[in-house]
Amino acid sequence: MSLPFQFGRPPPEQIPSQTSYEASSKPRVLIAGAGIGGLTLAILLKKAGVPFEVFERNRDVKQLDSVMALGAPIAPLLQQLGIYDDLVKIAKPLAEVNVITDDMEPVYTMNMDRLKEAPDLYDLLWKQVPRENIILGKSFHNFDQDKKSVLVRCTDASKYYCDILIGADGANSKVRENMYKSLEGTNVLSASDIAPLPYGYICLVGQTNVLDPEEFPDVKEEFCKDYFVVGTNSKYTWCTFITKKNTLCWMVIEFLDRAATKEDESFRHPNWGSQAAETMCNQVRDFKVPGGKDGKVHTLGDLIDRTPKDRISRIMLEEKLFSTWHSGRVALLGDACHKLIPSSGQGATSAMHDAVALANWIVSLESPSMVDVNNAFKEYQAERYPIAKEEFEQNQGFTNVLGKGIRSAITRSVLRWLPDSVWDGSLTKMVLVRPQASFLPLVEDKGTVELAPQPSLTKTLPIIKERALTKERAAKRSSVIAV
Ligand SMILES: Cc1cc2nc3c(=O)[nH]c(=O)nc-3n(C[C@H](O)[C@H](O)[C@H](O)COP(=O)(O)OP(=O)(O)OC[C@H]3O[C@@H](n4cnc5c(N)ncnc54)[C@H](O)[C@@H]3O)c2cc1C
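Keep in mind that this is a model prediction, so the values were computed, not measured.

About the thresholds
- Residues numbered from 1 in each chain as written.
- Predicted model: local features only at pLDDT ≥ 70, side-chain atom pairs only at ≥ 80, totals over all residues.
- Heavy atoms only, no water.
- Salt bridge = Lys/Arg side-chain N within 4 Å of Asp/Glu carboxyl O.
- Helix = DSSP H or I, 4+ residues; strand = E, 2+ residues; numbered from the N terminus.
- Phe/Tyr/Trp six-rings, centres within 6.5 Å; stacked < 30°, edge-to-face > 60°.
- Buried < 20%, exposed > 50% of the residue type's maximum accessible area, 1.4 Å probe, protein only.
- Axes fitted to C-alpha atoms, helices over the stretch in contact; angles between N-to-C directions.
- Left-handed = near helix turned anticlockwise from the far one by under 90°.
- Contact = heavy atoms within 4.5 Å.
- Nonpolar A, V, L, I, M, F, W, Y, C, P; charged D, E, K, R; others polar.
- Pairing = 2+ DSSP bridges.
- Near = heavy atom within 4 Å.
- Polar contact = N/O pair within 3.5 Å; in protein donor to acceptor, adjacent residues only side chain to side chain.
- Areas by Shrake-Rupley, 256 points an atom, 1.4 Å probe, with all protein chains shown as cover.
- Core = buried A, V, L, I, M, F, W, Y, C linked by side-chain atoms within 4.5 Å.
- Arc of directions from axis to C-beta.

K.L.:
Can you help me understand the pattern of salt bridges in this one?
P.N.:
Side chains that differ in charge, positive against negative, can pair when their charged atoms come close. One pass over the full model with this rule turns up 15 salt bridges. In this structure, D445 engages R434 in a salt bridge whose closest nitrogen and oxygen atoms are separated by 3.0 Å. Here the residue D445 occupies a position in the loop between α12 (420–430) and α13 (455–458), and R434 occupies one in the loop between α12 and α13, the gap between them amounting to eleven residues. What emerges from the salt-bridge pattern is a single network uniting E318, D335 and K339.

K.L.:
Sorry, what's going on with the packing of aromatic side chains here?
P.N.:
Here the distance between the centres and the angle between the planes together describe a pair of aromatic rings. This structure, assessed with the given rule, holds ten aromatic pairs. Seen from their ring centres, Y201 and F255 are 5.3 Å apart, and the 85° between their planes marks the pair as edge-to-face. Of the two residues, Y201 sits in strand β12 (residues 199–207) while F255 sits in strand β15 (residues 248–260), which places them 54 residues apart along the sequence. Neither Y201 nor F255 differs from the other in exposure class; each is buried. A ring pair is formed by F228 and F241, whose centres lie 5.9 Å apart and whose planes are at 90°; its orientation type is edge-to-face. Here F241 lies in strand β14 (residues 236–242) and F228 lies in strand β13 (residues 224–230), a separation of 13 residues in the sequence. Accessibility assignment for this pair places F228 and F241 in one class, buried.

K.L.:
Explain the packing of helix α10 (residues 370–402) against α12 here, please?
P.N.:
The relative placement of two packed helices comes down to the angle between their axes together with the axis-to-axis distance. With their axes 11 Å apart at the nearest point, α10 and α12 run at an angle of 145° to one another. Handedness of the α10/α12 crossing: left-handed. Residues E390, Q394 and F398 of α10 lie in contact with α12, whose contacting residues are W423, S426, K429 and M430. Partitioning the contact of α10 with α12 into residue classes produces three nonpolar, two polar and two charged.

K.L.:
Where do I start with the sheet that holds strand β8 (residues 140–145) in this structure?
P.N.:
Backbone-to-backbone hydrogen bonds join strands into a sheet, with any given pair of strands oriented parallel or antiparallel. On the basis of which strands lie adjacent, the open sheet formed by three strands has the order β8-β9-β10 and antiparallel pairing. Both edges of this open sheet fall to β8 and β10 (159–162), since each of them pairs with a single strand only. Averaged over all neighbouring strand pairs, the angle between strand axes comes to 25°, with direction disregarded.

K.L.:
How do you make sense of the site of the ligand when you look at a structure like this?
P.N.:
Residues in contact with the ligand amount to 34 residues; listed here are only the nearest, G37, E56, A69, D335 and A348. Here an oxygen atom of the ligand sits 3.2 Å away from a polar atom, N or O, in the main chain of I36. Contacts to the ligand include F140, whose backbone N or O atom sits 2.9 Å from a nitrogen atom. Its free accessible area being 1,000 Å², the ligand has 90% of it covered by the protein chains. Broken down by secondary-structure element, the contributors of at least two residues to the shell around the ligand are α1 (36–48), β2 (52–56), β18 (312–318) and α9 (347–363). Top element by residues in the shell around the ligand is α9. It accounts for four residues. Class assignment of the residues belonging to the shell around the ligand gives a composition of 16 nonpolar, 13 polar and five charged.

K.L.:
I would appreciate a short explanation of the environment of A69 in the present structure.
P.N.:
Within the secondary structure layout, A69 lies in strand β3 (residues 69–71). For A69, a relative accessible area of 19% puts it in the buried group.

K.L.:
Before we go on, may I ask you to explain the environment of R59 in this structure?
P.N.:
Structurally, R59 is set in the loop between β2 and β3. For the pair formed by R59 and S139, sequence separation is 80 residues and the distance between their alpha carbons is 9.8 Å. Every residue in contact with R59, bar those within four places of it in the chain, is listed here: L136 and G137.

K.L.:
Explain the nonpolar core to me, please; I cannot follow it from the model alone.
P.N.:
Taken as a class, soluble globular proteins show a tendency for nonpolar side chains to be buried jointly. Within the largest apolar cluster, 135 residues are counted, with the highest numbers of intra-cluster contacts made by I31, L44, L165 and I166. The element best represented in this core is α9, accounting for ten residues. Here I31 is in contact with G38, L41, A42, L45, F52, E53, V54, F55, I166 and A168, once residues within four sequence places are set aside.

K.L.:
Can you help me understand unusual backbone geometry in this one?
P.N.:
Negative phi is the rule for most residues except glycine; trans is the rule for most peptide bonds. Residue M104 is not a glycine yet carries a positive backbone phi of 70°. Of note in this structure, A157 is not a glycine but carries a positive phi near 75°. Position of A157 among the secondary structure elements: in the loop between β9 (150–154) and β10.

K.L.:
Mind showing me how you'd approach helix α11 (residues 405–415) here?
P.N.:
One turn of the α-helix equals 3.6 residues, which is why residues spaced by three or four share an orientation. Residues of α11 that are buried include every one of S408, R412 and L415, and no others. The buried residues of α11 occupy one face: seen down the axis, they fall within an arc of 60°. Opposite the packed face of α11, turned more than 90 degrees from it, sit the exposed residues I406 and R407. Buried residues belonging to α11 abut β5 (106–111), β13 and α10.

K.L.:
Looking at this model, I keep getting lost on the pairing of β14. Mind explaining?
P.N.:
Two faces belong to every sheet, and in a regular strand the side chains alternate between them. Taking burial as the measure, the seven residues of β14 include seven buried ones, the bulk of the element. Both faces of β14 are covered, namely the face carrying Y236, W238, T240 and I242 and the face carrying T237, C239 and F241. Sheet topology places β13 next to β14; four bridges connect them, and they run antiparallel. Looking at β14, one finds that F228 is bridged to C239. The turn joining β13 and β14, which pair antiparallel and follow one another in sequence, is formed by five residues.

Structure (structure tokens):
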């Protein structure tokens, strides 16, 4: 099959002299994975005129029918990309998150007025990337790299050359697996990097059809009230979120007694797929959910019955922060290097932040040489790793509030008496990072919370400005010659 765009340089012996490696200052980038992180990087590279290709293993891109909480941290970026207003149109402002017990007793209300719920963010991003730059059904298999390029092999036996390979291929990243294999015995990897991914939770998610406001009056509200219901004597916590489309996203999290890994026995049995999702639906049907008319309490069964089967998924949730994010010409972003369970709803935002930092460094590369690329990736990780670590710890705090066991019960009882200022402090931490692309016109940051430093912006901005000046001078010179 011939591809719409044969990516990368041909093997060295076939390179025509006029397109030699040295002649091109723009690196060719291959992104494995068209998730939120991969697409964001693709959009940024497109805007910067950097040649790129995205390989997505699925033939049909479909995200989970799950809620997506977003906020100030991605507002400046979306404004730079010109899609902020489109997001606001499809998002519902979030007023508060209520943590309650399964007897519908309030535990704590978190003021969330800086966030919005937009489950359709993915579709919005998808529309921004030219279709010819995304190859669906193309699954990354492995890579080799040397000083000159990266050779990428796909599962269909096709091969591609590129200057930079980005693993945006999610929690079970094949790019990461290959990178770590190539680093075996080098002392670069931490013990935790090598350990298998721990799965501590099973998650059932779905999105209902449009709901009748008479039965579910919350859909009429301008602001979204989210509910997290903590099962007092069960291993489940469940939550509901109203969307702008008047549908309801629901999610049930089962807390496993002990973390499992893919090597465990349970993964060798066919307990995945639609049958397993149906079984879990039956297990949780009677769980109560608030938000009915005149205080009527619905059940998860009421929501499940209003959800088409193909909009229900059962997935394993894993949580891990990797400490090695790059090697040579290859780097990871998003869930591939920091996978959070969706307690604090920061995973997508964080993947987009990675993409901004990476794009800033890729666009301002002096050359696509191994040394320059490697230095850029070092800068990328130096900026993003401490932030990802902070987010990871915050997320564990949120998971504890919703979790099981004595520690979580104590946390919830303390929460009832917590002054609002403490919660405000946590929320403030979540909005400090609001990165922008240095190669696009900067937007005014209207945030009321102090902005965290963004080295990928401050260090690359002078390079971008200098390049623009040089181009301007060259243009003036050539117009003088033309005269
Ligand atoms: C139930 C749930 C609710 C969530 N809610 C929120 C929320 O409210 N707010 C928030 O910010 N985040 C939320 N998240 C987290 C967020 O969805 C993820 O962090 C984010 O989507 C990660 O994006 P990514 O691009 O890094 O990876 P992914 O979205 O996992 O994308 C990886 C892509 O790579 C592809 N791929 C995998 N292997 C290969 C291969 N070998 N070759 C080619 N392609 C490959 C996959 O098919 C996929 O398309 C939630 C997550 C879940 C599960």
